[in-house]
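Residue-level listing of the chains:
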Amino acid sequence: WGMEFDKPEGGALALASFSGRPLLLNFWATWCPPCVEELPMLNAFYQENATKGWQVLGLAVDQPSAVRKFLERIPLAFPVGLAGLGGTDLGRSLGNLTGGLPFTVVFGADGKVMHRKMGQVTAQDLQLWSAMH
């Protein structure tokens, strides 16, 4: 949790600021069609569940300029961090050994990993996860 990521709009995002509440952490990239496809669903999940304490963080394994352009076109309500090599290491430490995208990890409020999902998230996944907290 001691990591920091740059934000596409400038400034930094400390991972530690997300502890204490459930968090859906999503690794994505603009060049990954299934990632782009699931973002609106994750955005809706965030908007529906933020009042219940849920947090969503997107870590883009991508070029900052590509992420900025993408977010101008498709704004997201949840924070996005630019995951450089730190993001790749974090993903690996969370069980993404192949480095595939999208990769989603759900943390409980205690910071423990509750779920890992390699590949596109489904509406059923989100329903199941939100019911568990």
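Residues numbered from 1 in each chain as written. Predicted model: local features only at pLDDT ≥ 70, side-chain atom pairs only at ≥ 80, totals over all residues. Heavy atoms only, no water.

Brief notes about the pairing of strand S7 (residues 113–118)
Then step 1. Bridge count for strand S6 (residues 103–107) against S7 is 5 bridges, and the pairing is antiparallel. Across the sheet, residue phenylalanine 103 finds its bridge partner in S7, namely methionine 118.
Then step 2. What sits between the antiparallel neighbours S6 and S7 is a turn of 5 residues, in which glycine 111 has the positive phi angle 85°. (Pairing = 2+ DSSP bridges. Helix = DSSP H or I, 4+ residues; strand = E, 2+ residues; numbered from the N terminus.)

Things to note about the state of the cysteines
Then step 1. Throughout the structure, instances matching the rule amount to 1 disulfide.
Then step 2. Across the disulfide from cysteine 32 sits cysteine 35; the S-S distance is 2.1 Å. Handedness of the cysteine 32-cysteine 35 disulfide follows from its S-S torsion of about 80°: it is right-handed. Note on accessibility: cysteine 32 and cysteine 35 belong to one class, buried. (Disulfide = S-S within 2.5 Å. Buried < 20%, exposed > 50% of the residue type's maximum accessible area, 1.4 Å probe, protein only.)

Considering unusual backbone geometry
Then step 1. Between leucine 101 and proline 102 the backbone carries a cis peptide bond, its omega angle lying at -10°.
Then step 2. As for its placement among the helices and strands, proline 102 is situated in the loop between helix H3 (85–93) and S6.

Notes on the pattern of salt bridges
Two side chains that carry opposite charge are able to pair once their charged atoms sit near each other.
Then step 1. For the coordinates displayed, the defined rule picks out 3 salt bridges.
Then step 2. For the salt bridge of lysine 117 with aspartate 125, the shortest nitrogen-to-oxygen distance reads 2.7 Å. Across the pair, exposure class does not vary: lysine 117 and aspartate 125 are buried alike. (Salt bridge = Lys/Arg side-chain N within 4 Å of Asp/Glu carboxyl O.)

A closer look at the environment of methionine 3
Then step 1. Take methionine 3: it is sitting in the segment before strand S1 (4–6).
Then step 2. Along the chain, methionine 3 and alanine 14 lie 11 residues apart, while their C-alpha atoms are 6.1 Å from each other.
Then step 3. Among residues more than four places away in sequence, those in contact with methionine 3 are Leu13, Ala14, Leu15, Gly86 and Leu90. (Contact = heavy atoms within 4.5 Å.)

What about the packing of helix H1 (residues 33–49) against helix H4 (residues 123–131)?
Then step 1. In the contact formed by H1 and H4, the axes pass within 11 Å of each other and the chain directions differ by 25°. Classified by the angle between their axes, H1 and H4 sit roughly parallel to one another. Once H1 is placed against H4, the crossing between them reads as right-handed. Here Met41, Leu42, Phe45 and Asn49 of H1 come into contact with H4, specifically with Ala123, Leu126 and Ser130.
Then step 2. Looking at side-chain class alone, the contact of H1 with H4 contains 5 nonpolar, 2 polar and no charged residues. (Axes fitted to C-alpha atoms, helices over the stretch in contact; angles between N-to-C directions. Parallel < 35°, antiparallel > 145°, perpendicular 65-115°, else oblique. Left-handed = near helix turned anticlockwise from the far one by under 90°. Nonpolar A, V, L, I, M, F, W, Y, C, P; charged D, E, K, R; others polar.)

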